[in-house]
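Overview (structure and organization)
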Amino acid sequence: MPHAHPPTAPTRRQLLTRIGTLAGSAALYQAMTTFGHAMGTDFRGPPQLAGAKRGTRVLVLGSGLSGMLSAYELRKAGYNVQILEFQSRSGGRNISLRGGDTIKELGGATQQVGFAPGNYINPGPWRIPYHHQGLLHYCREFGVQLEPFIELNHNSWLHSSGSFGGKAVRYRELASDFNGFTAELLAKAIDQHKLDDVVSDDERAHIRQAMKSWGALNKDMAYTKGNTSSLRRGFENRRVAA
C-alpha cells in the first residue's frame, strides 16, 4: 500500500489568501497584523546609500512602488539603474481609473470606463493608513497631492436583496434604528424580572451580538487584549520575525 505524502505546510501568502477567501477582509487584516505585515513601520527616513562603484549597473524588475523607490534611491546613490516592467503602465497594484480609460482584466475581458468628469475609482489600494510613514514621506517628497478618505458616509445607501424588502436604505436610518432598538432592549435589561418576562430569545441574541460588536469583545464576550480590541485601540509597534 503506497504511503501518503505528509501535507505541506502552507506559505504565509497561501494562508492569508485562504483566510481572506473564507473569512473576509477583517479577518485577513487581523491575520496580516499577527504576521507583522499590516503594522506600523519603524521608518525614520530614507536609506542612506553610498559607495557606488563607478559604472555599476542595477536592473530592477517591476515598476510598482517598491521597484520605483528602489531605483530612485539607488540612482541618488550613484548607481546606473534600469527598470523592466511587463505591463504598459507603472504603479503595480496601484491604479486610478477615470472616464475614457480602458482596462483589460487578467482573464481577457475589457472594461470601458464611463465615469463623469471628476469621478474616479482606485481598484487597487484605496487608502494610505496613517502608520505607513515611509509611503507618506515619499508623497511629501514628490509633492503627491493627497485627499481625505471618507470611510463613513451617513448619507450613503445600503442595499441587500434579502433585507428591507430589497429596497435600499440610508445608513443614517439603519444606524439610528439599530441603536434605538438596542437601547430599548438595554433599558429593559435593567430590570432582571422584566428581562425574563418580556425580552424574547431573538432579542437577547440581538443585544448580545450588538454588545460584542460595540465593545470589541472576544468570542467569550470579554474585553481583553488581542486583535479584536487592538484594531480599535491601536497595536504596539513591534517587529515580528519573518
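Note that this is a predicted model, so its numbers are computed, not measured.

Examining the overall build of the protein
When its secondary structure is counted, the protein shows eight helices and eight strands. Here the protein holds 242 residues, and the buried ones make up 17% of them. Look at the contacts in the protein between residues 6 or more apart in sequence, and 39% of them connect residues 24 or more apart.

Notes on the packing of aromatic side chains
Tallied over the entire structure, the rule returns four aromatic pairs. Pairing Tyr72 with Tyr138 gives two aromatic rings, centres 6.4 Å apart and planes at 85°, and the pair type is edge-to-face. Of the two residues, Tyr72 is situated in helix H3 (residues 65-76) and Tyr138 in helix H4 (residues 133-142); the sequence distance between them amounts to 66 residues. Residue classification places Tyr72 among the partly exposed residues on the basis of a relative accessible area of 26%.

Digging into the environment of Ile121
If you trace the backbone, Ile121 turns up in strand S6 (residues 120-121). Residue classification places Ile121 among the partly exposed residues on the basis of a relative accessible area of 34%. Along the backbone, Ile121 and Ser96 are 25 residues apart, and their C-alpha atoms lie at a distance of 5.7 Å. Contacts of Ile121, omitting those with residues within four sequence positions, involve Ile95, Ser96, Leu97 and Phe115.

Concerning a nonpolar patch on the surface
Residues Ile128, Phe142, Val144 and Leu146 make up a contiguous nonpolar surface patch of roughly 340 Å² in combined accessible area. Note on placement: Val144 falls in the loop between H4 and strand S7 (157-158).

Digging into the packing of H3 against H4
Relative to each other, H3 and H4 sit at 60°, their axes nearing to 13 Å. Taken as axis vectors, H3 and H4 run oblique relative to one another. Considering only the axes of H3 and H4, their crossing is left-handed. In this structure, H3 contributes Leu65, Leu69, Tyr72, Glu73 and Lys76 to the contact, and H4 contributes Leu135, Tyr138, Glu141 and Phe142.

Topic: the pairing of strand S1 (residues 57-61)
In the sheet, S1 pairs with strand S2 (residues 80-84) via five bridges, with the strands oriented parallel. Considered in S2, the bridge of Leu61 is made with Leu84. Read from S1 through H3 to S2, the crossover connection turns out right-handed.

Some details on the environment of Ile150
You can see Ile150 is positioned in the loop between H4 and S7. You can call Ile150 exposed: its relative accessible area is 62%.

Examining the pattern of salt bridges
For the structure shown, the criterion picks out two salt bridges. Measuring nitrogen to oxygen at the nearest pair gives 3.4 Å for the salt bridge that ties Lys76 to Glu73. Residue Lys76 and its partner Glu73 are both found in helix H3; the two are separated by three residues, about one turn of the helix. Ionic pairing is found between Asp220 and Lys219, a salt bridge with its closest N-O pair at 3.6 Å. In this structure Asp220 comes out as exposed when scored by relative accessible area, which is 56%.

Calculation criteria
The residue numbers shown here count from 1 along each chain, following its written sequence. With pLDDT at 70 or above as the cut-off, local features in this predicted model cover only qualifying residues; side-chain atom pairs require 80 or more to be listed or tallied, and sums for whole chains, interfaces and linings still use all residues. Hydrogens and water molecules were not included; the side-chain quantities draw on all heavy atoms of the structure. Helix numbering and strand numbering both begin at the N terminus, where a helix is a DSSP run of H or I of at least 4 residues and a strand a DSSP run of E of at least 2. Residue burial is assigned from relative accessible area. The probe radius is 1.4 Å, only protein chains are included, and a residue is buried under 20% of its type maximum, exposed over 50%, and partly exposed in between. Any two residues having at least one pair of non-hydrogen atoms within 4.5 Å are treated as being in contact. Only the six-membered ring of Trp is used, alongside the rings of Phe and Tyr, when aromatic pairs are assigned; centres must lie within 6.5 Å, and planes under 30 degrees apart are stacked while those over 60 apart are edge-to-face, with the rest tilted. Each patch is built from residues lacking any salt bridge and having more than 30% relative accessible area; the joining distance is 9 Å for like charges and 5 Å for nonpolar side chains (Val, Leu, Ile, Met, Phe, Trp, Tyr). Surface exposure here means Shrake-Rupley accessible area, sampled with a 1.4 Å probe, where a residue is shielded only by the protein chains that are shown. Whenever a carboxyl oxygen of Asp or Glu lies within 4 Å of a side-chain nitrogen of Lys or Arg, that contact is scored as a salt bridge. For helices, the fitted line uses only the C-alpha atoms of the stretch in contact; every axis is such a line through C-alpha atoms, and the angle between N-to-C directions lies from 0 to 180 degrees. For classification, angles of less than 35 degrees are called roughly parallel, those exceeding 145 degrees roughly antiparallel, those between 65 and 115 degrees roughly perpendicular, and all remaining angles oblique. Crossing handedness is read from the near helix: turned anticlockwise from the far helix by less than a right angle, it gives a left-handed crossing, and turned clockwise, a right-handed one. Note on pairing: DSSP must find at least two bridges between two strands before they are called paired. Handedness of a crossover is defined as follows: with both strands directed away from the viewer, a clockwise route from the first strand across the helix to the second makes it right-handed.

Nothing here speaks to function; it is all geometry.
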